[in-house]
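A structural walkthrough
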Amino acid sequence: MGDRYFLIGLCNPQTAAVEFEEETPDGFIAAALSRLREQGIACHYGRWLITGRPRVILLDYRTRYSSLDHDKYLLWKDHGIATVADDGKSMK
């Protein structure tokens, strides 16, 4: 799949410093990241420093933590994706 393959994951600043090389996005990726940032979602684009150097988008969930319950609801309402209520990430 080459450069048409992307990974999406959560940003862990402690490990990203040694496992991830940030790059400047262009084209549709730059536009997508810009829209995420407009919605208050911090994100990073680059490559994992592993064999194949896959492209990756890392999302910093901490910027949306205060809205996590609402975001989980939208995942279910809009996409039918259920999340576990007691996963330790709820704002109860």
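Refer to the structure presented above.
Description of the structure in this document. (Residues numbered from 1 in each chain as written. Predicted model: local features only at pLDDT ≥ 70, side-chain atom pairs only at ≥ 80, totals over all residues. Heavy atoms only, no water.)

Moving on, we come to unusual backbone geometry. Its identity as a non-glycine residue notwithstanding, Arg53 has a phi of 40°, on the positive side. Looking at the secondary structure, you find Arg53 in the loop between strand 3 (42-48) and strand 4 (55-60). Residue class for Arg53 comes out partly exposed when judged on its relative accessible area of 32%. (Helix = DSSP H or I, 4+ residues; strand = E, 2+ residues; numbered from the N terminus. Buried < 20%, exposed > 50% of the residue type's maximum accessible area, 1.4 Å probe, protein only.)

Following the sequence through the fold, Arg55 ends up in strand 4. On the accessibility criterion, Arg55 (14% relative accessible area) is buried. Among the polar contacts made by the side chain of Arg55, one reaches the side chain of Tyr45 at a distance of 3.3 Å. For Arg55, the residues in contact, after removing those within four places along its chain, are Asp3, Arg4, Tyr5, Phe6, Leu7, Tyr45, Gly46 and Arg47. (Polar contact = N/O pair within 3.5 Å; in protein donor to acceptor, adjacent residues only side chain to side chain. Contact = heavy atoms within 4.5 Å.)

Under the defined criterion, the tally for this structure stands at three aromatic pairs. Ring centres of Phe20 and Trp48 lie 6.1 Å apart, and the angle between their planes is 75°; on these two criteria the pair is classed as edge-to-face. One end of the pair, Phe20, is in strand 2 (residues 20-22); the other, Trp48, is in strand 3, and 28 residues separate them in sequence. Taking the centre distance of 6.0 Å and the plane angle of 40° together, the rings of Tyr73 and Trp76 count as tilted. Residue Tyr73 and its partner Trp76 are both found in helix 3 (residues 68-79); the two are separated by three residues, about one turn of the helix. Owing to a relative accessible area of 41%, Tyr73 belongs among the partly exposed residues under this scheme. (Phe/Tyr/Trp six-rings, centres within 6.5 Å; stacked < 30°, edge-to-face > 60°.)

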